[in-house]
Amino acid sequence: MARLALEAEQDGKPSPVLDHSPPSAPFTREMAHRVLQLHRSCDRTRCARKAAAWDLLVELGNVVPRPANGSM
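Reading the values: rules and limits
Positions within a chain are numbered from 1, following the residues in the order the chain's sequence is written. Where totals are concerned, whole chains, interfaces and linings use all residues; where local detail is concerned, this predicted model gives features only for residues with pLDDT of at least 70, and gives and counts side-chain atom pairs only at 80 or more. As a rule here, side-chain values cover all heavy atoms of the structure and leave hydrogens and water aside. The buried label goes to any residue with under 20% of its type's maximum accessible area, the exposed label to any with over 50%, and the partly exposed label to all in between, with areas taken from a 1.4 Å probe on protein chains only. Every helix listed is a DSSP run of H or I at least four residues long, and every strand listed is a run of E at least two residues long, numbered separately from the N terminus. The directions considered for the arc are those from the helix axis to the C-beta atoms. Polar contact criterion, stated in full: a pair of N or O atoms within 3.5 Å, where within protein one must be able to donate a hydrogen and the other to accept it, and residues adjacent in sequence count only if both atoms are side-chain atoms. Definition of nonpolar core: a set of buried residues of the types Ala, Val, Leu, Ile, Met, Phe, Trp, Tyr and Cys, connected through side-chain atoms within 4.5 Å.

## Section: helix H2 (residues 29–38)
Burial in H2 covers these residues: Ala32, Val35, Leu36 and Leu38. Take H2 and look down its axis: the buried residues cluster within an arc of 165°, on one side only.

## Side note on the side chain of Asp19
Inspection of the secondary structure puts Asp19 in the loop between helix H1 (2–10) and H2. Given a relative accessible area of 16%, Asp19 falls into the buried group. Side-chain polar atoms of Asp19 contact the side chain of Ser21, separated by 2.6 Å. In this structure the side chain of Asp19 is engaged in a polar contact, spanning 2.7 Å, whose partner is the side chain of Arg49.

## Thoughts on the nonpolar core
One finds Phe27, Ala32, Val35, Leu36, Ala53, Leu56, Leu57 and Val63 forming the largest nonpolar core, which totals 8 residues. Looking at this core, the elements with two or more residues in it are H2 and helix H3 (48–60).

Following this line, the structure appears as structure tokens:
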């Protein structure tokens, strides 16, 4: 994680490891996938960055949410 934070800093970008704010620009599919990896332990309802990545991947069909209990 430290390496990823350093690489982002060197590229002039905010650390994806620590930044939980909503993205300032839309994610690409690849960026969204990486955000989900980095924010694996975050709760989607509390981490705006993970929520944005999740929403994009669901919209693109890369992630299929499982149905809620009793909805099948």
